[in-house]
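Read off the chains here:
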There are 2 protein chains.
Amino acid sequence: NLPNLSLQWIIIQSGIFSFGAGLLTYRLIPTISELTSTANLTGMDLNKKGNPKYSGKKIPESLGICVSVVYLVCVILFQLFQWFSFPETVQLSEYNAALTSICFMILLGFGDDVLNLRWRYKLVLPLFASLPLLVAYAGGTSVVVPDINFPVPLREWLGMTFDLGVFYRIYLLMLAIFCTNSINILAGINGLEVGQSVVIAISIIVHNLIELTISPNSQQHLFSLVLMIPFLFTAISLLFYNWYPSRVFVGDTFTYFSGMCFAVVAILCHFSKTLLLFFIPQILNFLYSTPQLFGVIPCPRHRVPKYNPTTDKMEAIPTNLTIINLLLMVTGPLSERKLCIYLLIFQGLCSCIGFGVRYFVAPYFF
Amino acid sequence: NLPNLSLQWIIIQSGIFSFGAGLLTYRLIPTISELTSTANLTGMDLNKKGNPKYSGKKIPESLGICVSVVYLVCVILFQLFQWFSFPETVQLSEYNAALTSICFMILLGFGDDVLNLRWRYKLVLPLFASLPLLVAYAGGTSVVVPDINFPVPLREWLGMTFDLGVFYRIYLLMLAIFCTNSINILAGINGLEVGQSVVIAISIIVHNLIELTISPNSQQHLFSLVLMIPFLFTAISLLFYNWYPSRVFVGDTFTYFSGMCFAVVAILCHFSKTLLLFFIPQILNFLYSTPQLFGVIPCPRHRVPKYNPTTDKMEAIPTNLTIINLLLMVTGPLSERKLCIYLLIFQGLCSCIGFGVRYFVAPYFF
Ligand SMILES: [Mg+2]
Ligand SMILES: [Mg+2]
């Protein structure tokens, strides 16, 4: 049980550490992008092909490695600091399980960027990266049965709570694999990967703050904040460089890293259902993509919309099943910058709907 | 407190898991070496320059990434398994601190191989990688004062034990940084990096087994075994490919990874002084190297001996201060294979001396 004052102190200090981490990221990205260019980790910007202003330029790739290493250093330093100043608030096994999973995922993402792993490895390795979370997950495996009486009175049949046992842990594993991959497939527009991560991180932080206001003793929401605040600051620094027109690309390193960060806090801090509410656009995109992902419809390597150099706008390719193309089919051609902004607004709206469901609809059923 | 039977079971099962990991490493190395070659992670073998049999061949680099990822997967799976079958033997916070430190170090090593980091980063990043160990280190910070009466009666002055406080933790940090770098500077001969790691790993395993025979309840030596047995098996698989003539190189990824593994078990399992006994060749090499490392004498990028293509032997370069050149100055020119074998025999002899000191000399003073 924490006195309210030290709770606020920890959050403020985490903010100070994170601000420093954000500045450091901002300073380091130019240096590291030179190194990744030298190492031949570069990419052409597909959405500017034929535009004389940008054509033929090689953009440094995999800058996620810079952000994620600064993030790790920041979290490790804050762990040390928190353990000196408020030792009773540090749950070491969960802290280190989180660090292990995130770090392993960064390693896999960077390995994928450098070595171009086959999809077999890509699918199976996140599984191993999430196992430490499963072991460290100390919570129960019971779920509260929703108070639904149609078509059957669920609570009469199953009781107030229902123990899912090992299936609950399998659900958590699936969640981690889904999070890491779903951000990876809603991508390809300048600023979109980092932008959506920033929106989700802000949503999680707001959720944690609301929960801490309701019950100041919920250790797990404090833990989630301590992991999410540095993520937010470092990601914002990256967004400055990745925003249209991108001066750097983020690589699989960043998409895997950010997906794993979200999965880690949701699993260890027990708000996996709320997280799924913040992932509505990613879920819709995944569902809409399934025919292509599972090979019913041919799947090109990049499923981005078509860039039209004469109008400087992006045009929908209806056979590429992503919500990016779906949006363009609704709105008509958009500039890349506008397209990204619209998608981020949609992500933000979904978060608002998520909050509505979480705080106004869910209480009726639980 | 563990019954003897389940202790033996855990060790045997760890052996089975590790054997599987070793086989998997052996199978994967050819596949991964193709990927690293494609990614331009290759090196020329400097010690075969001018030998028509090998000249102009590019050897795949950084195969440490394959070994270390298989190692991580093996340890994570065994953690899950041990936690299912003997939950009381799993100390989660230390387990995960170990995984975090090792994984972060692998990431840095691979990052160094790909991006060629400047030495500034190389020196400071291992520091952060070892901080989780410091936080998880639950042991006391007191040392037993040796029973020495000359020149002063130490125990009368300091007492039986002396609390070093924060200095003890700083000593542990220095140990981690020393271990990761000392293997990296005793390198450059086919098979040497992996060979010395195998000898050290065997020494540690023997030490753990002796300690477990003396007191079967020492949890920490069991933990050390669980981390070292998979290391030994995966490293042996790599040695098959890295032995003279090397078909693959191991990269900084492996040297950092192996150094960190040793530091982790020594720190978390409280045998840092014994580890230093097994590191005698590395310590001698470091001390002998200091004039070059700190820039008193000019330091070339590679400090390997000279290869003479006409005799097919390695010849000493006395200005390159490594024990490799020192040995060649004593023995005269040797073939690369023999040179590596002699160095490994020296490493093994030092381990024997270490055991002698640990079990026969130290009891007189402590
Ligand atoms: Mg990729
Ligand atoms: Mg290097």
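Residues numbered from 1 in each chain as written. Chains lettered and ligands numbered in written order. Predicted model: local features only at pLDDT ≥ 70, side-chain atom pairs only at ≥ 80, totals over all residues. Heavy atoms only, no water.

Enquirer: I keep staring at the relation of the copies chain A and chain B and nothing clicks. Help me out?
Expert: The two chain copies are related to each other by a rotation about an axis together with a translation along it. Taken as rigid bodies, chain A and chain B are interconverted by a rotation of 180° and an axial shift of 0.0 Å, the fit giving an RMSD of 0.0 Å. Such a combination of turn and shift is consistent with a two-fold rotation axis. Across chain A, the smallest distance between a C-alpha and the rotation axis is recorded for Ser93(A), namely 1.8 Å. (Least-squares fit on C-alpha atoms with pLDDT ≥ 70 in both.)

Enquirer: Quick question: what am I supposed to make of the interface of chain A and chain B here?
Expert: Accessible area lost upon the coming together of the parts serves often as the stated size of an interface. Taken together, the contacts link 42 residues of chain A with 42 residues of chain B. Interface of chain A and chain B: buried area, both sides summed, is about 3,800 Å²; carbon and sulfur atoms make up 84% of it. Its largest share of buried area at the contact with chain B, chain A owes to Leu107(A), Leu115(A) and Val135(A), together 18% of the area lost on that side. Between the two partners, chain A and chain B, sit zero salt bridges. Here chain A and chain B share five residue pairs in polar contact (both at pLDDT 80 or more) between them. Among the elements of the structure, helix H1 (4-38), helix H2 (64-85), helix H3 (92-115) and helix H4 (119-136) of chain A are those that each provide at least two residues to the side of chain A that touches chain B. Of the residues forming the side of chain A that touches chain B, the biggest block, 14 residues, is contributed by H3(A). A breakdown of the residues in the side of chain A that touches chain B according to their chemical character gives 31 nonpolar, nine polar and two charged. (Contact = heavy atoms within 4.5 Å. Buried area = accessible area lost by both parts, 1.4 Å probe. Salt bridge = Lys/Arg side-chain N within 4 Å of Asp/Glu carboxyl O. Polar contact = N/O pair within 3.5 Å; in protein donor to acceptor, adjacent residues only side chain to side chain. Helix = DSSP H or I, 4+ residues; strand = E, 2+ residues; numbered from the N terminus. Nonpolar A, V, L, I, M, F, W, Y, C, P; charged D, E, K, R; others polar.)

Enquirer: Quick question: what am I supposed to make of helix H13 (residues 336-365) of chain A here?
Expert: Given 3.6 residues to a turn, an α-helix orients residues that are three or four positions apart in the same direction. Residue and element names in this part refer to chain A. End to end, H13 covers 41 Å across 30 residues, agreeing with the expected 44 Å (1.5 Å per residue, within 8%). The largest bend along H13 reaches roughly 35° and is located at Val357. Listed as buried for H13 are Glu336, Leu339, Cys340, Leu343, Leu344, Gln347, Cys350, Ser351, Gly354, Phe355, Tyr359 and Ala362. Elements that come into contact with the buried residues of H13 comprise helix H7 (192-214), helix H10 (272-278), helix H11 (280-293), strand S6 (313-315) and helix H12 (323-331). (Expected span 1.5 Å × (residues − 1). Bend = angle between axes of the 7 residues up to and from the residue. Buried < 20%, exposed > 50% of the residue type's maximum accessible area, 1.4 Å probe, protein only.)

Enquirer: Got a minute to help me understand the side chain of Ser272(B) in this structure?
Expert: Residues and elements named next belong to chain B. Within the element layout of this structure, Ser272 appears in helix H10 (residues 272-278). Classification of Ser272 by relative accessible area gives buried; the value is 5%. For Ser272, the side chain forms a polar contact with the side chain of Tyr171, separated by 2.9 Å. Ser272 has contacts with Tyr168, Tyr171, Leu172, Leu175 and Ala266, leaving out every residue within four places of it along the chain.

Enquirer: Honestly, H4(A) in this entry has me stumped. Any pointers?
Expert: The largest bend along H4(A) reaches roughly 30° and is located at Ser130(A), with the proline Pro132(A) sitting one to four residues downstream. Tyr121(A), Leu125(A), Pro126(A), Phe128(A), Ala129(A), Ser130(A), Leu131(A), Pro132(A), Leu133(A), Leu134(A), Val135(A) and Ala136(A) are the residues of H4(A) that are buried. For H4(A), the elements touching its buried residues are H3, helix H6 (166-185) and helix H9 (251-268) of chain A together with helix H1 (4-38), helix H2 (64-85) and helix H3 (92-115) of chain B.

Enquirer: How do you make sense of the nonpolar core when you look at a structure like this?
Expert: The nonpolar side chains of a soluble globular protein tend to be buried with one another. Core analysis: the largest hydrophobic core is formed by 201 residues, its most contacted members being Phe104(A), Phe262(A), Phe104(B) and Phe262(B). What Phe262(A) contacts, discounting residues up to four positions off in sequence, is Ile183(A), Ser197(A), Ile200(A), Ala201(A), Ile204(A), Met228(A), Phe231(A), Leu275(A) and Phe279(A). (Core = buried A, V, L, I, M, F, W, Y, C linked by side-chain atoms within 4.5 Å.)

Enquirer: When you look at the confidence of the model for chain A in this model, what are you seeing that I'm missing?
Expert: Detailed reading of predicted coordinates is not advised where the pLDDT is low. Mean pLDDT over chain A: 92, with 99% of residues reaching 70 or higher. We note a pTM of 0.95 for the whole complex and an ipTM of 0.94 for its interfaces. (pLDDT = per-residue confidence, 0-100.)

Enquirer: When you look at the environment of Phe104(B) in this model, what are you seeing that I'm missing?
Expert: Following the sequence through the fold, Phe104(B) ends up in helix H3. Residues Phe104(B) and Ala129(B) lie 25 residues apart in sequence; the distance between their C-alpha atoms is 5.8 Å. Once residues within four sequence positions are removed from consideration, Phe104(B) is found in contact with Val69(A), Leu72(A), Val73(A), Ile76(A), Cys103(A), Phe128(B) and Ala129(B).

Enquirer: Got a minute to help me understand the packing of H2(B) against helix H9 (residues 251-268) of chain B in this structure?
Expert: In a pair of packed helices, the angle between the axes and the distance between the axes together describe the arrangement. All names here are of chain B. In the contact formed by H2 and H9, the axes pass within 8 Å of each other and the chain directions differ by 35°. In this structure, H2 crosses over H9, and the sense of that crossing is left-handed. Of the residues in H9, those touching H2 at Gly64, Ile65, Val67, Ser68 and Tyr71 are Thr253, Phe254, Phe257 and Cys261. Among the residues forming the contact of H2 with H9, the class breakdown is six nonpolar, three polar and no charged. (Axes fitted to C-alpha atoms, helices over the stretch in contact; angles between N-to-C directions. Left-handed = near helix turned anticlockwise from the far one by under 90°.)

Enquirer: How should the packing of aromatic side chains be read in this particular structure?
Expert: Each aromatic ring pair is characterised by the separation of its centres together with the angle its planes make. All names here are of chain A. For the structure on display, the rule yields 43 aromatic pairs over all chains. Between Tyr95 and Phe223 the ring centres are 5.3 Å apart and the planes differ by 70°, which places this aromatic pair in the edge-to-face class. Of this pair, Tyr95 sits in helix H3 while Phe223 sits in helix H8 (residues 219-242); the two residues are 128 residues apart in sequence, bridging distant segments of the chain. On the basis of relative accessible area, Tyr95 is assigned to the buried category, the value being 1%. Seen in terms of ring centroids, Tyr137 and Tyr168 are 6.0 Å apart; in terms of plane orientation they differ by 35°. Their pairing is tilted. Of this pair, Tyr137 sits in the loop between H4 and strand S3 (142-144) while Tyr168 sits in helix H6, and the two are 31 residues apart along the sequence. Residue classification places Tyr137 among the buried positions, given a relative accessible area of 5%. Overall, Tyr168 belongs to the buried group, its relative accessible area being 10%. Each member of the aromatic cluster is reached from another via a ring pair, and the members are Tyr71, Phe178, Phe231, Phe254, Phe257, Phe262, Phe279 and Phe286. A cation over a ring is seen here: Lys48 above Tyr54, with NZ or CZ 5.7 Å from the ring centre. (Phe/Tyr/Trp six-rings, centres within 6.5 Å; stacked < 30°, edge-to-face > 60°. Lys NZ or Arg CZ within 6 Å of the ring centre and 35° of its normal.)

Enquirer: Which parts of the structure should I look at to understand the environment of Ile323(A)?
Expert: One can find Ile323(A) in helix H12. For Ile323(A), the residues in contact, after removing those within four places along its chain, are Leu186(A), Pro281(A), Leu284(A), Asn285(A), Tyr288(A), Leu343(A) and Phe346(A).

Enquirer: Please clarify how a nonpolar patch on the surface should be interpreted in this entry.
Expert: Residue and element names in this part refer to chain A. On the surface, a cluster of nonpolar side chains totalling about 940 Å² of accessible area is made up of Val144, Met160, Ile353, Val357, Phe360, Val361, Tyr364, Phe365 and Phe366. Per element, the largest residue contribution to the nonpolar patch is six residues, and it comes from H13. By the secondary structure assignment, Met160 is in the loop between helix H5 (154-158) and strand S4 (161-163). (Patch = residues over 30% accessible without salt bridge, like charges linked within 9 Å, V, L, I, M, F, W, Y side chains within 5 Å. Areas by Shrake-Rupley, 256 points an atom, 1.4 Å probe, with all protein chains shown as cover.)

Enquirer: What exactly am I supposed to notice about the pattern of salt bridges here?
Expert: A full pass over the atoms with the stated rule returns 10 salt bridges over all chains. A salt bridge links Lys48(B) to Asp45(B), with the shortest nitrogen-to-oxygen separation between them at 2.7 Å. Three or more residues are tied together by salt bridges with common partners; here these are Asp45(A), Lys48(A) and Glu336(A).

Enquirer: Even after reading the chapter, I still don't get unusual backbone geometry, so can you show me in this structure?
Expert: Leave glycine aside and you will find that most residues have negative phi; peptide bonds, for their part, are mostly trans. Between Tyr244(A) and the following residue, Pro245(A), the backbone shows a cis peptide bond with an omega angle of -10°. Of note, Pro245(A) is situated in the loop between H8 and H9. The backbone phi angle of Asn40(A) is positive, close to 70°, even though this residue is not glycine. Topologically, Asn40(A) is positioned in the loop between H1 and strand S1 (42-44). Take Asn40(A): its relative accessible area is 52%, and that puts it in the exposed class. One non-glycine residue with positive phi stands out, namely Ser62(B), at about 55°. Relative to the elements of secondary structure, Ser62(B) occurs in the loop between strand S2 (58-60) and H2. The class for Ser62(B) is buried, based on a relative accessible area of 1%.

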